[in-house]
Amino acid sequence: MSRKELPIASLSYSLRHLSLQPTDILKAASRRLISFRRVQTVSTMAADEEVVGSVKDQLAQLFEASLRITVPDQTDTEPLIAACNPRFGDYQCNNAMSLWTKIKGKGSTFKGPQPVGQAIMTNLPSSEMIDSCSIAGPGFVNVVLSTEWIAKSIQKMLIKGIETWSPKLRVKRAVVDFSSPNIAKEMHVGHLRSTIIGDTLARMLEFSNVEVLRRNHVGDWGTQFGMLIECLFEKFPNMEVVSDQAIGDLEAFYKASKQRFDSDPVFKERAQHAVVSLQGGEERYRKAWSKICEISRQGYERVYERLGIRLEEKGESFYNPYIPGVLEELNQKGLIEESEGARVIKIEGKSYPFIVVKSDGGFNYASTDLTALWYRLNEEKAEWMIYVTDVGQREHFEMLFTAAKRAGWLPPGDNSYPKASHVGFGLVLGEDGKRFRTRSTEVVRLVDLLDEAKSRCKAALVERGKGDEWTEEELEQTAEAVGYGAVKYADLKNNRLTNYTFNFDQMLNDKGNTAVYLLYAHARICSIIRKSGKDTEELKKTGTLVLAHSDERALGLHLLQFAEIVEEACTNLLPNVLCEYLYNLSEDFTRFYSNCQVVGSAEETSRLLLCEATAVVMRKCFHLLGIRPVYKI
């Protein structure tokens, strides 16, 4: 075509302690209300069956049953469940006030919102998950979960696997369009945010049992290929010898081609003819185009391999044959108009139209993106199309989605499926507050940035004596895991809409909200379990988790909220929600470990199970963020 520091008295560790397992060398998030849309009967809930879904979902099913009894005529009322202030309980149902507004003065026997709340509480079906309920303010129903039920739920997860805590979304297949570099250009730091944000969104959706089509919409078609091909012909008359080593720096090759195009009229004319020959399918030109694309991909793959990114390429050239038919469909529907020689779609509220065919008859981003959207809906049968690009493209996607709605491809609202979403992100800034560049004002190559992160981690490890204790392979792979993870987390922990400053020293710090600190926290938990000498797999079968201490219960409750946090992060397309959850989980564990002796205590078995559950959830968080965990300190 982006806190409060953990107490570390008991968990003090730094780079000199870190290594990976030989076999794998490698505030509570915002408590938004949720509307529950899945209805389950009381009789089904009464059965001795596991209720699938997050804690919020399970509570919503109970309150759904109560609402049907309390206000049977308000059939469109959905339970509003939120986590609440711990002083009052664990969760809260907030329907009473809005219900009272609806039924007031319409013959209701209720005298105010508090009696409505009281009735909702009274009509709740009995459930082992609820310990007690109380009414606060204008009818808020506060819920305290059963500590025994929390413990049983965690132990069940340990036996059956973390996948039993995966959220259940209303969509079955989604396209995540991310990374999307341009052919013949190096991937630079500007591609970092799209690549890792898109990968994390794809991972979270996949964990939520959504089939994700990971699409790399590379810029591999267009008028620029005329100048690239002509430059290639000049430099390499014999196409058989062309290689990435022969071409050298792709960025320099592109700039040299552009300079010739701008300054040499004869070359420019040849380049324009080359575009016609390429689009006409002439073999020599198609072969040159394929070679340029192939060499570019080799560069991208080096970045994707470092980051652990999996993508399927469907670039602009893939959709090009479909464009005429899609535009004809839009024309038949009366959407396309002539304007100053171009063909456009008028978008209400915009000062300029959506140009789908340029005045010279050529196609553009709009025609390609419309066709890609049509293809994803009609051929790939996707229900949710997610586009991860910088915020500067927001208006383009607004117009794209509006045009699709006018065509009847998408429903008019934003809450129905199929739907399309633009995931915008801010800039990566340097220490000077400007766009992150090298000292020579060039954009920073992404592969160089990642290699420097790894190099800094390795140097720190060697400085702390690990060069003498570890093999070269352990040093290399540990430095990779920590360095790449630090770069990813430093980006993902920020609200994607904001700019953030790239700073190696901050992201590689082993204190505070950094990947390094969180990786250490996980490694520390694994060390505690190892030092006990106990087999956790055996403990899962024979031991019993008991959350008697208040810090044990707080940690257990936080673990149990994992599913709803992932659901929130998916629904709102905000990876930072998961990062905040992970950081707060490490805080809760630190508090628990500081106040509750594990190894050698009378509660050792139970507390080892709680340690294992924390490690399992942390590892899944790392996986969703695309970060490889460490196991030894």
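Just so it is clear, the model here is predicted, and its values are computed rather than measured. (Residues numbered from 1 in each chain as written. Predicted model: local features only at pLDDT ≥ 70, side-chain atom pairs only at ≥ 80, totals over all residues. Heavy atoms only, no water.)

**Overview of the packing of helix H3 (residues 96–103) against helix H4 (residues 113–122)**
Geometry of a packed helix pair, given as the angle between the helix axes and the separation of the axes. Viewed as axis vectors pointing N to C, H3 and H4 meet at an angle of 115°, and their least axial separation amounts to 8 Å. Seen along the crossing, H3 lies across H4 with a hand that is right-handed. In this structure, H3 contributes Ala 96, Met 97, Leu 99, Trp 100 and Ile 103 to the contact, and H4 contributes Pro 113, Val 116, Gly 117 and Ile 120. Across the contact of H3 with H4, the residue classes break down as eight nonpolar, one polar and no charged. (Axes fitted to C-alpha atoms, helices over the stretch in contact; angles between N-to-C directions. Helix = DSSP H or I, 4+ residues; strand = E, 2+ residues; numbered from the N terminus. Left-handed = near helix turned anticlockwise from the far one by under 90°. Contact = heavy atoms within 4.5 Å. Nonpolar A, V, L, I, M, F, W, Y, C, P; charged D, E, K, R; others polar.)

**What to know about the packing of helix H7 (residues 224–235) against helix H9 (residues 250–263)**
Viewed as axis vectors pointing N to C, H7 and H9 meet at an angle of 100°, and their least axial separation amounts to 9 Å. Considering the angle they form, H7 stands roughly perpendicular to H9. On H9, the residues that touch Gln 224, Met 227, Leu 228, Cys 231, Leu 232 and Glu 234 of H7 are Phe 253, Tyr 254, Ser 257, Lys 258, Arg 260 and Phe 261. Here the contact of H7 with H9 is built from residues that sort into seven nonpolar, two polar and three charged. (Parallel < 35°, antiparallel > 145°, perpendicular 65-115°, else oblique.)

**Concerning the packing of aromatic side chains**
Summed over all chains, the structure comprises 18 aromatic pairs. With a centroid separation of 5.1 Å and 85° between ring planes, the pair formed by Phe 318 and Tyr 319 is classed as edge-to-face. Each ring, one from Phe 318 and one from Tyr 375, has its centre 5.2 Å from the other, and the planes form 85°; the classification is edge-to-face. Here Phe 318 is found in helix H12 (residues 316–319), whereas its partner Tyr 375 is found in helix H14 (residues 365–378), with 57 residues between them in sequence. The side chain of Lys 419 reaches across the aromatic face of Trp 384, ending 4.7 Å from its centre. (Phe/Tyr/Trp six-rings, centres within 6.5 Å; stacked < 30°, edge-to-face > 60°. Lys NZ or Arg CZ within 6 Å of the ring centre and 35° of its normal.)

**Some points on the sheet that holds strand E10 (residues 342–345)**
Taken in spatial order, the three strands of this open sheet run E9-E10-E11, and their pairing is antiparallel. A single partner strand is all that each edge strand has here, and the edge strands are strand E9 (336–339) and strand E11 (354–357). Here the strands of the sheet are splayed against their neighbours by 45° on average, with no regard to which way each runs. Pairing between E10 and E11: three bridges, direction antiparallel. Paired with Ile 345 across the two strands is Phe 354, which belongs to E11. This element, H14, spans E10 and E11 of the sheet and lies at about 85° to E11. (Pairing = 2+ DSSP bridges.)

**Quick word on the pattern of salt bridges**
Considering all chains together, one arrives at 49 salt bridges under this definition. Across the salt bridge formed by Arg 214 and Asp 199, the nearest N and O atoms sit 2.8 Å from each other. Pair noted here: Arg 214 is in strand E7 (residues 211–216) and Asp 199 is in helix H6 (residues 190–207), with a separation of 15 residues, a long-range link. Take Arg 214 and Asp 199: they sit in the same class, and that class is buried. Across the pair Lys 458 and Glu 476 runs a salt bridge whose closest N-O atoms are separated by 2.5 Å. Of the two residues, Lys 458 sits in helix H16 (residues 446–463) while Glu 476 sits in helix H18 (residues 472–492), which places them 18 residues apart along the sequence. (Salt bridge = Lys/Arg side-chain N within 4 Å of Asp/Glu carboxyl O. Buried < 20%, exposed > 50% of the residue type's maximum accessible area, 1.4 Å probe, protein only.)

**So, the confidence of the model for the chain**
Put simply, the chain has an average pLDDT of 87, and 89% of its residues get 70 or more. A low-confidence stretch, residues 1–51 stays under pLDDT 50, and its non-local contacts, those more than four residues away or across chains, total 150 contacts. (pLDDT = per-residue confidence, 0-100.)

**Details of helix H22 (residues 550–560)**
Along H22, nine of the eleven residues are buried, which leaves the element largely enclosed by surrounding structure. Within H22, the full set of buried residues consists of Asp 551, Glu 552, Arg 553, Leu 555, Gly 556, Leu 557, His 558, Leu 559 and Leu 560.

**A few points about the nonpolar core**
Of all hydrophobic cores here, the largest spans 159 residues; its most connected members are Leu 59, Leu 145, Leu 205, Leu 449, Phe 562, Leu 578 and Val 617. Of all hydrophobic cores here, the second largest spans 34 residues; its members include Val 356, Met 385, Ala 407 and Ala 420. (Core = buried A, V, L, I, M, F, W, Y, C linked by side-chain atoms within 4.5 Å.)

**Digging into the state of the cysteines**
A complete count under the given rule lists zero disulfides for this structure. Cysteine Cys 596 shares no disulfide, and the gap to the nearest cysteine sulfur, in Cys 611, comes to 9.8 Å. (Disulfide = S-S within 2.5 Å.)

**Overview of unusual backbone geometry**
Of the consecutive residues Tyr 417 and Pro 418, the connecting peptide bond is found in the cis state with omega at 0°. Of note, Pro 418 is situated in the loop between helix H15 (394–406) and strand E13 (419–425). Despite not being glycine, Ala 184 has its phi angle at roughly 70°, a positive value. Within the element layout of this structure, Ala 184 appears in the loop between strand E6 (173–177) and H6.

**Brief notes about the environment of Gly 308**
Along the chain, the position of Gly 308 falls in the loop between helix H11 (283–307) and strand E8 (312–313). Assessed through its relative accessible area of 41%, Gly 308 is described here as partly exposed. Residues Gly 308 and Tyr 484, spaced 176 residues apart in sequence, show a C-alpha to C-alpha distance of 9.6 Å.

**Considering the sheet that holds strand E12 (residues 384–390)**
In space, the five strands of this open sheet follow the order E8-E7-E6-E12-E13, with parallel pairing throughout. What marks the edges here is a single partner per strand, and that holds for E8 and E13. By the bridge criterion, two bridges tie E7 to E8 in an arrangement that is parallel. Counterpart to Arg 215 in the pairing with E8 is Glu 312. Contacts from H14 reach E6, E7 and E12, with the element oriented near 150° to E12. Contacts from H15 reach E12 and E13 within the one sheet, and its direction differs from that of E13 by about 175°.

**A word on the environment of Ala 119**
Structurally, Ala 119 can be placed in helix H4. Spatially, the C-alpha atoms of Ala 119 and Gly 139 are 9.3 Å apart, while their sequence positions differ by 20 residues. When neighbours within four sequence positions are excluded, Ala 119 is seen to be in contact with Ser 66, Thr 70 and Phe 110.

**Some remarks on the side chain of Ser 606**
As for its placement among the helices and strands, Ser 606 is situated in helix H25 (residues 604–624). A polar side-chain atom of Ser 606 sits 2.8 Å from the main-chain amide nitrogen of Val 546. Apart from the residues within four sequence positions on either side, Ser 606 is in contact with Thr 544, Leu 545 and Val 546. (Polar contact = N/O pair within 3.5 Å; in protein donor to acceptor, adjacent residues only side chain to side chain.)

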